[in-house]
Amino acid sequence: MKYRFAPAVITLVTSSALAASAVFAQEQSTRLSPTAAAGEIEEIVVTGSRIKRKDFTSISPLVTLDAEQITLSGVTAIEDLVNEAPQLVPDGNRTSNNPGNGQASLNLRGLGANRTLVTLNGRRMAPADSFGAADVNLIPSQLIKRVEIVTGGASTVYGSDAVAGVVNFILDDEYEGFEVTAQYDTFEEGDGAVADVSLAFGFGNDSGHLTGFLNYQDRDSVFAGDRPFTAEALREDRFTGELVALGSGTTPAGRIVFPRTFLPGSDAPVQVTFDDSGTPVAVGPDTPSYNFQPVNYLQVPLQRYSGALFGNYQLNDRIKVFGEVLYSETSTSAQLAPPPAFISARVNLDNPLLTPEQAQLFGTSYDPDGDGFADFVFSRRLIETGPRQSERAADTLRAVFGASGDINAQWDWEATYSLSEVTGEFITGNAVFASRFEQGLLADPATGECFDTSDGCVPFNPFGLTIPEDAAAFLLAGDIVENYTVDEDIFSFIVTGDAFELPAGPVGVAGGFEWRETSSDYQPDPNFIGAGVLGALAAAPVSGTTDVAELYLEALVPILSNQPFAEYLGVEAGYRYSDYKFSGVADNWKFGVDWAPISSLRFRVMAQRAVRAPNIEELFAQAAEQPTVLFNPDTDFCAASADPIGRGLTDLCIAQGIPAAQVGVYQPTPDIGLTVFEGGGNTGLDPETGDTFTAGLVIQPSWAEELSVSVDYYLIEIDNAIGSTDFEAALGLCGDSNDPASQFCSSVVRGPSGDISQYTNPQFNLATLGVEGVDLALNYRFDLWEGLALPGSDAFMTLQVLFNYAMENTVQATPTDSERDCAGYYGGACAFIGPGVLVPEYRSSTRLTYYSGPLSVALNWRWIGDLESHLDITCEESPQFCYESELGNLGDHSYFELSGRFEFGEHGEIYGGVSNLFEEDPPLMGLGATQSNTAPQLYDVFGRRFFLGLRYRL
């Protein structure tokens, strides 16, 4: 694959290699204990600020995961480890089959992956698609020193997208030595194996350094049919609320959905299905549904090749140049049940393939105009064409070039230019075109062939009968290919230093300029436009470019130090001015106070304004056509039944084309069909604004120097949140605005009769989102009695506890909707707050690790509090989402992992373990499930897992 910046990459790699080889000095790599490096800290940059400091203190809440946890957890997908932190709501991962695109994303507080900024060594990761979320598949896990998770808006420091916070992966780009790691893991059932091999190397001296990384990973699939609790679709019975096997009503036998008709013995019109001989029968309570679960992926397969190279060289005493290149080639798959056909069918009554019973029924019930053709809405599961399959291949290349130096003893500078490119394609297999299905229903009675013989048409009878192989081959359209690219260029210049000295210490300052340009181009296959592929949503092209220029400044001001009741008192403030190409000017700011009355106690408070500018998808996506939408005519604000005169909407209805004399008289045609263009971009969108408040305390008692406890309260409120709404809700907002020029009303197109014939429903600044809660973090290291140590070694233990109490997780979809709080709830209206978003009220992660000489043993406990059914609240506040269910409280769930590692000789290390030690089953969630009867992104659906790894280093 050719890249637009390949020459620059080659130059960087070559120059870095030459510089490092000239100063080659290989040393043995060592792994430090969690506290061993504490005394080596001189000046560092803590995530959430650009100001250098000599400790890890942060005014914003900060959670840290270290490299030891990665090894002892045995994860080969870094998102699995990070998502165990209760600050994150698990999002895109190995279980994301539908929806899913093969990416691994992070979602802080459940506010969305596109509101969580992911950075690498403090520099933003590139978006992996037009929606703006980063794919952490690119990150070289073997080089991770630690992961820092900052809660609260951080747009002042990092710019757009850091509304919920930042996840910063800090790499060891000064790695010394040579290390090979191989790991294999599998589930107890013997499936879902993951093989992972990686290599890391680094060498250098005082003049320069080169670090490299290579990785290969292969992950096998697991099918939903391979686990008893996901093998069959389970839903609540709509009459009894019992959890029963209830799959799709689109079955292999087929069903005439509309209109209903009378069959012999029926007292009322019924839907019609067919038995194995093709005989029409009524759809009733005993009509079997179709179990779509077994062939769905529970774990999506993945194959990945990745590599990274980091180099730096000291040009002189004042200037250092550096660069980094990361590359990833990832291929994943998705698989769903065979396609469901849902079409407006037209069948000639003299079709020779029809049975006599079918021909009689069609002529009697579905040919009212007597033209010899039956017309009806028909659904059928096309099991003869095989499961729907999708292959995604993506190549990601990210390069950073920069230079840094010092102006004088107090001031440093850094200039960087980074560029990234993601290129990919989706290949959809076993696709069936709706046009071919319709073509095959019309057969010439004289020849027995299709009336339209194009494309090698083979006629068939889908009404209860098996579609022959040659007809199924005709229906299969072959592979359908979609292509996309995402490019981002960033130039940044930053100056940091001490502005001046105060009695309490120097005033630290960081300021600079940043320019970012992001572009994306997605071209779907023409057959996806207009929903021409059965079982696939309509798609539309996305193509556009946006940019932003920003200036920012932040300061850390010490006010008091070493005073009574003020061991330290300081403030941190910052401001960022952003000028977006389409969204205009936005202001970000932060102000915080850090007070340590005594050395063992700190209080911290931070208020921030953060923004998220609309992404490429939200700006430029072409609307996808959704034809023949039926709606309730009473929702038309100009309908007489809606009382437009009494509501003061006379002028609005006249402006929309209703004659003045008809206002208050006009009533829309019942069951009207119209075309809605859904989900298009909107270049008039404003940035989202997020107001964040955090307050907490940190305790580090003098009687236990290696104990630290932090408790933090957080509140994040997002206004003007970008999103889409359904047609009827958008129409209601037009009436509420009473303004023909409003963004809602300008999208209405009415025909001569006054009936709405078309509506364009793009993205709007509609919603408000909010999260509120409390985090607790505890870290403690304590020595053990020598009798518990290995011979000739000391022994100690470390304890880390991360706990979250989610007090609220609210969404108000439009200004006229009621606010919905889904923290601690599932199902009901909370099943619609977003794909895969489940926020338990309580979550924790506890890790206890034993160290003695070459041995480490860890016990990890991940606890998920109970989730209550939202149905009682739903049925009272949102009856449209109400249904019967016997499911209630899901109960809490605990997952334990036991792991260990042992160093042998001077160079070797073996590690391994077992996760989900007690094989905790996931809860069944009925209609509240996100996938496969449960929430596989949150609960373990695979069972006990074993992993074993070997590491060798020089």
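Just above sits the structure.
We now turn to the structure provided with this report. Small disclaimer: the values here were computed from a predicted structure and weren't measured.

1. Overview of the overall build of the protein
Working step 1: When helices and strands are tallied, the protein shows eleven helices and 45 strands.
Working step 2: For the protein, whose C-alpha radius of gyration is 31 Å, the value lies close to the compact-globule estimate of 30 Å for 954 residues.
Working step 3: Its C-alpha atoms give the protein principal-axis dimensions of about 95 × 65 × 55 Å.
Working step 4: Relative to its 954 residues, the protein shows a buried fraction of 55%.

2. Thoughts on the pattern of salt bridges
Working step 1: Under the defined criterion, the tally for this structure stands at 39 salt bridges.
Working step 2: Notably, a salt bridge pairs aspartate 161 with arginine 124, separated by 3.5 Å at the nearest N-O pair. With aspartate 161 in the loop between helix 4 (155–158) and strand 7 (165–171) and arginine 124 in strand 5 (residues 123–124), the pair connects residues that are 37 residues apart, well separated along the chain.
Working step 3: For aspartate 161, a relative accessible area of 18% translates into the label buried.
Working step 4: Residue classification places arginine 124 among the buried residues on the basis of a relative accessible area of 11%.
Working step 5: Taken together, the salt bridges that share partners define one network made up of Glu68, Glu179, Arg901, Glu903, Glu909, Arg951 and Arg953.

3. Section: the sheet that holds strand 21 (residues 373–381)
Working step 1: If you trace the five strands from one edge of the open sheet to the other, you get 16-15-14-21-20, paired in antiparallel fashion. The sheet terminates laterally at strand 16 (280–282) and strand 20 (340–348), the two strands that pair on one side only. Taken pair by pair, the neighbouring strands of this sheet meet at an average axis angle of 35°, ignoring direction.
Working step 2: Where strand 15 (residues 270–274) meets strand 16, three bridges bridge the pair, whose relative direction is antiparallel. Across the sheet, residue threonine 273 finds its bridge partner in strand 16, namely valine 281.

4. What to know about the sheet that holds strand 7
Working step 1: Strand order across the open sheet formed by five strands is 3-6-7-4-5, with mixed pairing between neighbours. Edge positions in the sheet fall to strand 3 (62–66) and strand 5, since each has one partner strand and no second.
Working step 2: Inspection of the sheet shows strand 3 paired to strand 6 (residues 144–151) by five bridges, in the antiparallel sense. For valine 63, the partnering residue across the bridge sits in strand 6 and is isoleucine 149.

5. Considering empty space enclosed by the protein
Working step 1: Under the criterion given, the structure shown has eleven cavities of 30 Å³ or more.
Working step 2: The volume enclosed by the largest cavity comes to roughly 490 Å³.
Working step 3: Surrounding the largest cavity, 25 residues form its lining, Asp80, Glu84, Arg94, Arg862 and Asp940 being those nearest its centre.
Working step 4: Secondary structure elements with two or more residues in the lining of the largest cavity: strand 41 (855–864) and strand 43 (893–904).
Working step 5: Tallying contributions element by element places strand 43 first for the lining of the largest cavity, with three residues.
Working step 6: In terms of residue class, the lining of the largest cavity is made up of ten nonpolar, eight polar and seven charged.
Working step 7: In this model, the second largest cavity occupies a volume close to 420 Å³.
Working step 8: In terms of lining, the second largest cavity is formed by 33 residues, of which the most central are Arg124, Asp161, Glu488, Thr518 and Asn615.

6. As for helix 10 (residues 727–737)
Working step 1: Buried within helix 10 are the following residues: Phe727, Ala730, Leu731, Leu733, Cys734 and Gly735.
Working step 2: One or two steps after helix 10, the chain reaches asparagine 738, where phi turns positive at roughly 55°.

7. Focus on the environment of phenylalanine 582
Working step 1: With respect to the helices, strands and loops of the structure, phenylalanine 582 is situated in the loop between strand 27 (566–580) and strand 28 (584–598).
Working step 2: Classification of phenylalanine 582 as partly exposed rests on a relative accessible area of 31%.
Working step 3: Residues phenylalanine 582 and phenylalanine 904, 322 residues apart in the sequence, show an inter-C-alpha distance of 59 Å.
Working step 4: Not counting chain neighbours up to four residues away, the residues in contact with phenylalanine 582 comprise Thr545, Thr546, Leu619, Phe620 and Thr683.

8. Some details on the pairing of strand 44 (residues 908–915)
Working step 1: Burial analysis of strand 44 places seven of its eight residues in the buried class, the great majority of the element.
Working step 2: The pairing of strand 43 with strand 44 spans eight bridges and is antiparallel. Across the sheet, arginine 901 pairs through a bridge with tyrosine 911, a residue of strand 44.
Working step 3: From the end of strand 43 to the start of strand 44, which pair antiparallel, there are three residues, and glycine 905 there has a positive phi angle of about 65°.
Working step 4: Sheet topology note: the strand 44/strand 45 (residues 945–953) ladder contains eight bridges and is antiparallel. If you follow glycine 908 over to strand 45, its bridge partner there is tyrosine 952.

9. Notes on a negative patch on the surface
Working step 1: Together, Glu717, Asp719, Glu808 and Glu819 line one region of the surface with negative charge.
Working step 2: Note that glutamate 717 resides in strand 33 (residues 707–723).

10. Thoughts on the nonpolar core
Nonpolar side chains in soluble globular proteins generally cluster together in the buried interior.
Working step 1: Counting 50 residues, the largest nonpolar core has Val82, Ile149, Val167 and Phe169 as its most contacted members.
Working step 2: If you look at the next biggest cluster of nonpolar residues, it comprises 32 residues, including Phe274, Phe362, Leu441 and Phe474.

11. Describing the side chain of arginine 219
Working step 1: Tracing the backbone through its elements, the reader meets arginine 219 in strand 10 (residues 208–219).
Working step 2: It turns out arginine 219 is buried and unbridged, and the closest side chain with the opposite charge, glutamate 79, is 5.0 Å from it.

12. Observations regarding the packing of aromatic side chains
Working step 1: Taken as a whole and assessed by the stated rule, the structure comprises 26 aromatic pairs.
Working step 2: For the ring pair phenylalanine 201 and phenylalanine 203, a centre distance of 6.3 Å and an interplane angle of 20° mean the geometry is stacked.
Working step 3: On the accessibility criterion, phenylalanine 201 (22% relative accessible area) is partly exposed.
Working step 4: According to the relative accessible area criterion, phenylalanine 203 is buried, its value standing at 17%.
Working step 5: With a centroid separation of 6.5 Å and 50° between ring planes, the pair formed by phenylalanine 491 and phenylalanine 513 is classed as tilted. With a gap of 22 residues between them, phenylalanine 491 in strand 24 (residues 480–502) and phenylalanine 513 in strand 25 (residues 505–523) connect regions that are remote in the sequence.
Working step 6: Overall, phenylalanine 491 belongs to the partly exposed group, its relative accessible area being 34%.
Working step 7: Here a set of aromatic residues connected by ring pairs shows up, and it is made of Phe274, Phe362, Tyr366, Phe376, Phe378 and Phe463.
Working step 8: Between the NZ or CZ atom of arginine 109 and the centre of the ring of tyrosine 714, over which it lies, the distance is 3.7 Å.
Working step 9: The cationic tip of arginine 750 hangs over the ring face of phenylalanine 637; the distance from NZ or CZ to the ring centre is 5.6 Å.

Thresholds applied
Residues numbered from 1 in each chain as written. Predicted model: local features only at pLDDT ≥ 70, side-chain atom pairs only at ≥ 80, totals over all residues. Heavy atoms only, no water. Helix = DSSP H or I, 4+ residues; strand = E, 2+ residues; numbered from the N terminus. Rg over C-alpha atoms; globule rule 2.2 N^0.38 Å. Buried < 20%, exposed > 50% of the residue type's maximum accessible area, 1.4 Å probe, protein only. Salt bridge = Lys/Arg side-chain N within 4 Å of Asp/Glu carboxyl O. Pairing = 2+ DSSP bridges. Axes fitted to C-alpha atoms, helices over the stretch in contact; angles between N-to-C directions. 1 Å grid on protein atoms, 1.4 Å probe; cavity = no way out; pocket = protein on both sides within 12 Å on 5 of 7 lines; lining within 4 Å. Points joined across faces, edges and corners; volume = space filled by probe spheres on them. Nonpolar A, V, L, I, M, F, W, Y, C, P; charged D, E, K, R; others polar. Contact = heavy atoms within 4.5 Å. Patch = residues over 30% accessible without salt bridge, like charges linked within 9 Å, V, L, I, M, F, W, Y side chains within 5 Å. Areas by Shrake-Rupley, 256 points an atom, 1.4 Å probe, with all protein chains shown as cover. Lys, Arg positive; Asp, Glu negative; His and termini not counted. Charge placed at Lys NZ, Arg CZ, Asp CG, Glu CD. Core = buried A, V, L, I, M, F, W, Y, C linked by side-chain atoms within 4.5 Å. Phe/Tyr/Trp six-rings, centres within 6.5 Å; stacked < 30°, edge-to-face > 60°. Lys NZ or Arg CZ within 6 Å of the ring centre and 35° of its normal.

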